[in-house]
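So you can see what is in the structure, the chains are spelled out below.
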Amino acid sequence: MAAQVFKDPYLFDFLGTADPRREREVEQALVDHIQRFLLELGAGFAFVGRQVHLEFANADYYVDLLFYHLKLRCYVVVELKAVPFDPAFVGTMNMYLSAVDDLLRHPDDKPSIGLLLCRSKNRLEVEYALRDLRKPIGVAEWETRIVAALPEELKGSLPTVEEIEAELGQETFEEPGV
């Protein structure tokens, strides 16, 4: 089921030319562009929240992004990783899926599914990490082709989308004579 719902890779060019290096930067950029991110995810996804708090076993945990899939009738837990896939991510995702099912899922909902969005992955490593796991978890890469397509001499010299927006935001349109 997870393999049918998720695609690979996800194209994050709408994030601009900046190359996010930390998970929080990727998460913030995706939330800033939530409509485009929902379109990139595909049909049926509804945004529930970011850094969704789960409390259990006398500890606090936070799911990066939580969605609900309208057609599948289940929660979709998305964990963002600004680093290559690590098999340890699967254990954390498995825990989050179990917690979401116990703490948030309505009895009429189907079991939650998970998506690990990693900067890169090795297919064999992912296959071994997910083999015999009963919970549906997809692992996909995210990439920004716009940065890769820039000539070397321009990389790092162009302003980021945030810098352009900040510059444009400073220019207010005033009536003449004010």
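Further up the page is the structure itself.
Quick caveat: nothing in here was measured; it's all calculated off a predicted structure.

> Is there a simple way to explain the overall build of the chain in this structure?
Along the backbone of the chain there are seven helices and six strands. Starting at the N terminus and walking to the C terminus, you meet the elements of the chain as α-β-α-α-β-β-β-α-β-α-β-α-α. The buried share of the chain, taken over its 178 residues, is 39%. Relative to all contacts within the chain whose residues are 6 or more apart in sequence, the contacts with residues 24 or more apart total 62%. Of the roughly 10600 Å² of accessible surface on the chain, a fraction of 51% belongs to carbon and sulfur atoms.

> It is not clear to me how the environment of glycine 114 should be interpreted in this structure. Could you clarify?
In this structure, glycine 114 sits in strand S5 (residues 113-118). With 38 residues separating them along the chain, glycine 114 and valine 76 place their C-alpha atoms 5.5 Å apart.

> What's the story with the nonpolar core in this structure? I'm lost.
Within soluble globular proteins, side chains that are nonpolar generally end up buried alongside one another. Counting residues in hydrophobic clusters, the biggest one holds 21 residues, and the most contacted among them are Val63, Val77, Phe85, Leu116, Ile137 and Val139. At the level of elements, strand S2 (45-56), strand S3 (59-69), strand S4 (74-80), helix H4 (88-103), S5, helix H5 (123-130) and strand S6 (137-143) are the ones that each hand at least two residues to this core. At seven residues, H4 tops the list of elements feeding residues into this core. Counting 14 residues, the second largest nonpolar core, distinct from the first, contains Cys74, Val76, Val78 and Leu115.

> For this particular structure, what's the right way to read unusual backbone geometry?
Trans is the common state for peptide bonds, and a negative phi is the common state for residues other than glycine. Here the phi dihedral of glutamine 51 falls at roughly 50°; this positive angle occurs in a residue that is not glycine. Within the secondary structure, glutamine 51 sits in strand S2. Located in the positive-phi region is aspartate 132, a residue other than glycine, with phi close to 70°. Examined against the element boundaries, aspartate 132 turns out to sit in the loop between H5 and S6. Residue aspartate 132 is classed as exposed on the basis of its relative accessible area, which comes to 73%.

> What is the right way to look at the environment of asparagine 94 in this model?
If you trace the backbone, asparagine 94 turns up in helix H4. Residue classification places asparagine 94 among the partly exposed residues on the basis of a relative accessible area of 25%. Taking C-alpha positions, asparagine 94 is 9.4 Å from arginine 134, a pair spaced 40 residues apart along the chain. Residue contacts for asparagine 94: discarding those within four places in its chain leaves Leu133, Lys135 and Ile137.

> Help me understand the pairing of S5, please; the structure alone is not making it clear to me.
With six of its six residues buried, S5 lies for the most part within the structure. Of the two faces of S5, the one holding Ile113, Leu115 and Leu117 and the one holding Gly114, Leu116 and Cys118 are both buried throughout. Pairing geometry for S4 and S5, over five bridges, is parallel. Paired with valine 76 across the two strands is isoleucine 113, which belongs to S5. Regarding the hand of the β-α-β motif, the stretch spanning S4, H4 and S5 is right-handed.

> Before we go on, may I ask you to explain the side chain of aspartate 101 in this structure?
Looking at where aspartate 101 falls in the secondary structure, it is placed in helix H4. It turns out aspartate 101 is buried and unbridged, and the closest side chain with the opposite charge, arginine 105, is 4.2 Å from it. A polar side-chain atom of aspartate 101 sits 2.6 Å from a polar atom in the side chain of serine 112. Setting aside its immediate chain neighbours within four residues, aspartate 101 contacts Pro111 and Ser112.

> I tried to follow H5 on my own but got confused; where do I start?
What sets the pattern is the α-helix's 3.6 residues per turn: residues three or four places apart point alike. The backbone nitrogen of leucine 124 lies 3.0 Å from a side-chain oxygen of the residue at the head of H5, namely asparagine 122. Of the residues flanking the end of H5, it is aspartate 132, one or two places downstream, whose phi is positive at about 70°.

About the cut-offs
Residues numbered from 1 in each chain as written. Predicted model: local features only at pLDDT ≥ 70, side-chain atom pairs only at ≥ 80, totals over all residues. Heavy atoms only, no water. Helix = DSSP H or I, 4+ residues; strand = E, 2+ residues; numbered from the N terminus. Buried < 20%, exposed > 50% of the residue type's maximum accessible area, 1.4 Å probe, protein only. Contact = heavy atoms within 4.5 Å. Areas by Shrake-Rupley, 256 points an atom, 1.4 Å probe, with all protein chains shown as cover. Core = buried A, V, L, I, M, F, W, Y, C linked by side-chain atoms within 4.5 Å. Pairing = 2+ DSSP bridges. Right-handed = clockwise from strand over helix to strand, strands pointing away. Lys, Arg positive; Asp, Glu negative; His and termini not counted. Salt bridge = Lys/Arg side-chain N within 4 Å of Asp/Glu carboxyl O. Polar contact = N/O pair within 3.5 Å; in protein donor to acceptor, adjacent residues only side chain to side chain.

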